[in-house]
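Report on the structure
Single-letter residue listing:
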Amino acid sequence: MASYSKLSDLFPIQSQLDYALEDATNQEEKANLVHQYLHKIDEKDDLIIPDFEEGLEWLNTDGPLSLRKELSGKVVVLDFFTYCCINCMHLLPDLHQLEQSYTIEDGLVVIGVHSAKFPNEKVLQNVRSAVLRYNITHPVVNDSDASLWQELEVSCWPTLVVLGPRGNLLFSLVGEGHRKQLFLFTAAALNHYREQGLLKDHDVGIKLYRDSLPPSILSFPGKIAMDPSSKQLAIADTGHHRVLVVSHTGQLLHTIGGPSSGRRDGNLSEAQFSSPQGVLIKGDTVFVADTDNHLVRKINLSEGKVSTLAGIGVQGTDKEGGAPGPQQPISSPWDIALGNAGGDVLWIAMAGTHQIWALFLEDGKLPKGSDSKKGTCVRFAGSGNEENRNNAYPHKAGLAQPSGLALALTEPWECLFIADSESSTIRSLSLKDGAVKHVVGGERDPLNLFAFGDVDGKGIDAKLQHPLGVSWDEGSSLLYVADSYNHKIKVVDPKTKQCRVLAGTGKAGNVLGPSFLESSFNEPGGLCLGEGGKLLYVADTNNHCIKVLDLETKTVSLFPIVVMQEVDAVLTTATSSTPAVRKLPKLPKSAPVLTMPSITVSSGQSVTLFLKLALPTGTKLTEEAPSFWSLSAEGTKSNVSNKSIFTSSQCQLCKTCLFTCGFSHLVHYSSGAPLWGKL
């Protein structure tokens, strides 16, 4: 059996280089040091690592890759990651830029080695969703048993390992924040082995899964929020890099940003976001946690403008803060909540630094803190260490990866509830004294971030798996939790610390069952309450949709997002591009009326009608004359008719004569929403 090397064999050699680089004063000196180091490495024949195991599942390739075959003659960067990890996410822009600088033909191949932390992350379909969500375009191998991780004795996420063209160890970088070293090492290795004639320019068979996906209205929606006054919903359409504002019936009112990522303030039609997560809507204002831009943004719907409230557009490392918002670097804000601390304040789940921050919209003061001026962005709680540490002093507490926030103002709470995903816990942060306390999940050891599971119970006995969202019901004093990696919605009573499943089977799926427990979700990331606590809206992230839980009838339905298009209501003439408005035809009073039996539809529930149209034998339509159908629904806020118009006698679904095709056309109806039909 061949003897292979591990990272501990490399560390003594590379440590000498690392120390020398610290003392180097310019880039040329650093390049020379790395060049000498590579000559030294070449003298060693015992730094070969084992190949990938056979039978592993690969993404973004035509088939499995081997260090001895397809990757021979390449400089290979192995990225050991797990897709839940915020530090791993922070590496992706560095790797993307590296791939933009050096191509496969140049001799560089980046391989993502997915080595799961959570059981849910071992499933190929879930890894595939993460690859799409993060726009990873290099090959990824699903090493679900972490075989190569163990062979090399990798110790933490993320870890980068740079290999030479023989599959030999060159460099290792542990953790994030090593962009300069990564580029220095990679450039030096490519130059060194190109000079020796050891690099090959062959292709390795890249095949991106994203290229085969059908379009969808939503793409990996992360969070959702409702304005209780207007009942409008804000949806973070994360995968499309945009924010949608819709009515409570699903009518699309505003689209801001997308479809590609970017960073731009200004008019709604020009603004750009990058993987936004947390959203909060109040009146004509939408606050946005623009996660991958490391910004907090404000959408003013009445003025039609987007502005930046906090962040400088690049990842920050500051763990104290205190500067005016637009001058304060921040890191991966994941959720937001609007509260009061002597004045309006925006609470921020700062996932990137494992903390809770405050953005003062008015002058105010934090508990156990000093006065803060309007516009100040400052740390509220969390030491910055990735821990599950509770403490009466907010700065001494440790959070693992705060990913969801819910504000509770009813006595005796007056706190922020936090979905701390990497510790698989729900925590509370007092707005009176800043104390951070445990609610459910996890375990007592603050350094153990592996105490996860799927168990109903009390306090520490209850187990969650990477929860990403929380929503507080003031009326019942209950907390709803998106237990994301268990594919469930759970409910917590903070008073008794009891946690129980509300909906979901525990397996990833997309079923609208007859009951809560027979319905399925796929990594739900956010949720919010509506209709006075009667409805629970869920961002079902990997299913690319919003689902509605009716807490009274115990039913689950799909929330329709309706793009209202008055087809043929606005026309252009043959001689001018100026819109010419034409009145829609109306049914004559003598038209027959068909009355159907009434049905009861609970709020949020969907009903599908089958509509089959026919004309008397021998009757035919005039080809150019407009024809239309209409439906009205009683008991809704709007009776909608003439929403779908066709201007020829052909069915737009089957392209045959409409009244002879015999096609049973689908009409979708969601309670309180417009009716629509496809003809």
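Parameters and conventions
- Each chain carries its own residue numbering, running from 1 in the direction its sequence is written.
- Confidence filtering applies because this is a predicted model: local features only for residues at pLDDT of at least 70, side-chain atom pairs given and counted only at 80 or more, and all residues used for totals across whole chains, interfaces and linings.
- Excluding hydrogens and water, the side-chain figures rest on all heavy atoms present in the structure.
- For two strands to count as paired, DSSP must find a minimum of two bridges between them.
- Strands are runs of DSSP state E lasting at least 2 residues, helices are runs of H or I lasting at least 4, and numbering of each runs from the N terminus.
- In this analysis an axis means a line fitted to C-alpha atoms, helices contributing only their contacting stretch, and an angle means the value between N-to-C directions, from 0 to 180 degrees.
- How sure the predictor is of each residue is captured by pLDDT, a score from 0 to 100.
- Only heavy atoms enter the contact rule, under which two residues are in contact if any of them lie within 4.5 Å.
- Two aromatic rings from Phe, Tyr or Trp, using only the six-membered ring of Trp, form a pair when their centres are within 6.5 Å; if the ring planes differ by under 30 degrees the pair is stacked, by over 60 it is edge-to-face, and anything between is tilted.
- Burial classes follow relative accessibility: with a 1.4 Å probe on protein chains only, a residue under 20% of its type's maximum area counts as buried, one over 50% as exposed, and anything between as partly exposed.
- In protein, a polar contact requires one atom able to donate a hydrogen and another able to accept it; more generally it is a pair of N or O atoms within 3.5 Å, and residues adjacent in sequence count only if both atoms are side-chain atoms.

What follows is about the sheet that holds strand E18 (residues 344-350). One open sheet holds the 5 strands; their spatial order is E16-E22-E19-E18-E17, and the pairing between them is antiparallel. Each edge of the open sheet carries a strand with a single partner, namely strand E16 (321-324) and strand E17 (333-340). Strand-to-strand twist across the sheet, computed as the mean angle between neighbouring axes with direction ignored, equals 25 degrees.

Turning our attention to the confidence of the model for the protein. This prediction gives the protein a mean pLDDT of 88; 84% of its residues lie at or above 70. The model gives residues 566-584 a pLDDT under 50, and that stretch makes 24 contacts with residues more than four places away or in other chains. Under a pLDDT of 50 for its full length, residues 634-679 has, in the predicted model, 126 contacts with residues more than four places off or in other chains.

This paragraph deals with the packing of aromatic side chains. Aromatic rings in a pair are described by how distant their centres are and how their planes are angled relative to each other. Under the definition given, this model contains 15 aromatic pairs. Relative to Tyr485, the ring of Phe118 lies with its centre 5.4 Å away and its plane at 85 degrees, an arrangement referred to as edge-to-face. Of this pair, Phe118 sits in the loop between strand E3 (108-114) and helix H4 (124-133) while Tyr485 sits in the loop between strand E29 (478-483) and strand E30 (488-493), and the two are 367 residues apart along the sequence. When its relative accessible area of 0% is taken as the criterion, Phe118 is described as buried.

Moving on: the side chain of Thr353. Looking at where Thr353 falls in the secondary structure, it is placed in the loop between E18 and strand E19 (355-360). Residue classification places Thr353 among the buried positions, given a relative accessible area of 4%. Here Gln355 takes part through its side chain, which lies 2.9 Å from a polar atom of the side chain of Thr353. In this view, Thr353 contacts Gly316, Asp318, Lys319, Ser331 and Gly384; residues no more than four positions away in its chain are not counted.

With that settled, the discussion passes to the side chain of Lys117. Assignment of secondary structure puts Lys117 in the loop between E3 and H4. For Lys117, the side chain forms a polar contact with the main-chain oxygen of Leu449, separated by 3.0 Å. Beyond its immediate chain neighbours, meaning those up to four positions away, Lys117 contacts Thr82, Cys84, Trp157, Glu422, Leu449, Phe450 and Phe452.

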